[in-house]
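Structural description and commentary
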Amino acid sequence: EAGVAQSPRYKIIEKRQSVAFWCNPISGHATLYWYQQILGQGPKLLIQFQNNGVVDDSQLPKDRFSAERLKGVDSTLKIQPAKLEDSAVYLCASSLRGVHSNEQFFGPGTRLTVL
Amino acid sequence: DQQVKQNSPSLSVQEGRISILNCDYTNSMFDYFLWYKKYPAEGPTFLISISSIKDKNEDGRFTVFLNKSAKHLSLHIVPSQPGDSAVYFCAASRSDTGNQFYFGTGTSLTVIP
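First, a word on what this report is: a plain description of the structure on this page. What you are looking at is a predicted structure, and each value in this text was computed from that prediction instead of being measured. (Residues numbered from 1 in each chain as written. Chains lettered and ligands numbered in written order. Predicted model: local features only at pLDDT ≥ 70, side-chain atom pairs only at ≥ 80, totals over all residues. Heavy atoms only, no water.)

**A short note on the overall build of chain A**
When helices and strands are tallied, chain A shows 0 helices and 11 strands. Mapped from its N terminus to its C terminus, chain A presents α and β elements in the order β-β-β-β-β-β-β-β-β-β-β. By the compact-globule yardstick of 13 Å for 115 residues, chain A fits well, its C-alpha radius of gyration being 13 Å. If one aligns the C-alpha atoms of chain A with their principal axes, the spans along those axes are about 35 × 25 × 25 Å. Looking at chain A as a whole, 46% of its 115 residues qualify as buried. Of the contacts formed within chain A by residues at least 6 apart in sequence, a portion of 54% connects residues at least 24 apart. Of the accessible surface of chain A, which amounts to about 5600 Å², a share of 52% is contributed by carbon and sulfur atoms. (Helix = DSSP H or I, 4+ residues; strand = E, 2+ residues; numbered from the N terminus. Rg over C-alpha atoms; globule rule 2.2 N^0.38 Å. Buried < 20%, exposed > 50% of the residue type's maximum accessible area, 1.4 Å probe, protein only. Contact = heavy atoms within 4.5 Å. Areas by Shrake-Rupley, 256 points an atom, 1.4 Å probe, with all protein chains shown as cover.)

If you want it as structure tokens, here you go:
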């Protein structure tokens, strides 16, 4: 079974530029999550989708971050404009359903460096 | 506000000995706890979990203990192997708010051959 795919794996941009990350979850997984992991910290949830609807985006900085999951499969996370403090690893995860369990499968992440 | 805390950033253990990783939480509404393991340049992978109705869960060399009164859980790895060297994250969730995981800051375990 293929895992969660993410691209790009690495991205370096200058502050005030825009960037987009892509995630392809495990086939059949209804729930998709985007996490931000700053160096030395644990992953922090940015947004959770159930199919193509948003379940929780309370920690998403909506003035600069946006995410969509068209057709309830792939998802993109965009930052516009980027700030220095956005430097982090952005992790995508998916699960079969949204109830709490051990079912979140993580992708390898995208490491973003903002200069 | 960090609701899940791992106060030891790193731990070194000899191969064959026991590794004990600790985690504390502040929110008494958490009712499900997990440990994830992360190798460099990879995403976290699930290791073991425990529901708040239990105080112990065992899976091979890995055992998680939960002390609800102390809001503390620990992961025991016996015997430790060099391949266990990784960063271990503790996570917690509550059933009334869906599947959001709150992660600790991680403990880097090094198993010395």
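Alright, that's what it looks like, and here's the rest.
**Structural notes on the sheet that holds strand 6 (residues 56-59) of chain B**
Residue and element names in this part refer to chain B. Spatial strand order, 1-3-8-7-6: 5 strands in an open sheet with antiparallel pairing. Each edge of the open sheet carries a strand with a single partner, namely strand 1 (4-5) and strand 6. Where strand 3 (residues 19-25) meets strand 8 (residues 72-77), 6 bridges bridge the pair, whose relative direction is antiparallel. In the strand pairing of strand 8, D24 is matched with H72. (Pairing = 2+ DSSP bridges.)

**Focus: the layout of surface pockets**
Looking at the largest pocket, its volume works out to about 530 Å³. Taken together, 29 residues form the lining of the largest pocket, with Q37, L39, V89 and R111 of chain A together with K38 of chain B sitting closest to its centre. Only strand 9 (88-95) and strand 11 (110-114) of chain A together with strand 9 (86-93) and strand 11 (107-112) of chain B provide two or more residues apiece to the lining of the largest pocket. Examining the composition of the lining of the largest pocket, we find that 4 residues originate from one element, strand 11 of chain A, more than from any other. Its residues assigned to classes, the lining of the largest pocket comprises 14 nonpolar, 11 polar and 4 charged. Space inside the second largest pocket adds up to approximately 280 Å³. As for the second largest pocket, its lining consists of 16 residues, and the residues nearest its centre are P43, K44 and Q59 of chain A together with Q2 and F103 of chain B. Of the residues belonging to the lining of the second largest pocket, the class tally is 7 nonpolar, 7 polar and 2 charged. (1 Å grid on protein atoms, 1.4 Å probe; cavity = no way out; pocket = protein on both sides within 12 Å on 5 of 7 lines; lining within 4 Å. Points joined across faces, edges and corners; volume = space filled by probe spheres on them. Nonpolar A, V, L, I, M, F, W, Y, C, P; charged D, E, K, R; others polar.)

**Describing the side chain of S75 of chain A**
All names here are of chain A. For S75, the position within the fold is in strand 8 (residues 75-79). At 2.9 Å, the side chain of S75 forms a polar contact with the side chain of W34. There is a polar contact of 2.9 Å between the side chain of S75 and the backbone oxygen of E68. Those residues within four positions of S75 in sequence are excluded, and the remaining contacts are F21, W22, C23, L32, W34, F49, E68 and R69. (Polar contact = N/O pair within 3.5 Å; in protein donor to acceptor, adjacent residues only side chain to side chain.)

**Structural notes on the pattern of salt bridges**
Under the definition given, this model contains 3 salt bridges over all chains. A salt bridge links R64 of chain A to D86 of chain A; its shortest N-O distance comes to 2.5 Å. One end of the pair, R64 of chain A, is in the loop between strand 6 (53-56) and strand 7 (65-68); the other, D86 of chain A, is in the loop between strand 8 and strand 9, and 22 residues separate them in sequence. The burial state of R64 of chain A is the same as that of D86 of chain A; both residues are buried. Measuring nitrogen to oxygen at the nearest pair gives 2.8 Å for the salt bridge that ties D84 of chain B to R61 of chain B. Placement of D84 of chain B in the loop between strand 8 and strand 9 and of R61 of chain B in the loop between strand 6 and strand 7 (62-67) is noted, with a sequence separation of 23 residues between them. Judged by its relative accessible area of 2%, D84 of chain B is buried. Judged by relative accessible area, R61 of chain B falls into the partly exposed class, the value being 21%. (Salt bridge = Lys/Arg side-chain N within 4 Å of Asp/Glu carboxyl O.)

**A look at the pairing of strand 9 of chain B**
Residues and elements named next belong to chain B. With 7 of 8 residues buried, strand 9 is to be regarded as a mostly interior element. Pairing analysis gives 7 bridges linking strand 4 (residues 32-38) to strand 9, with the strands arranged antiparallel. Bridging across to strand 9, Y36 finds its partner in F89. Looking at chain direction, strand 9 and strand 11 are connected through 3 bridges and run antiparallel. Looking at the pairing, V87 lines up with S108 of strand 11. In terms of strand pairing, strand 9 meets strand 10 (residues 102-103) through 2 bridges, oriented antiparallel.

Read these as layout, nothing more, since geometry by itself doesn't imply function.
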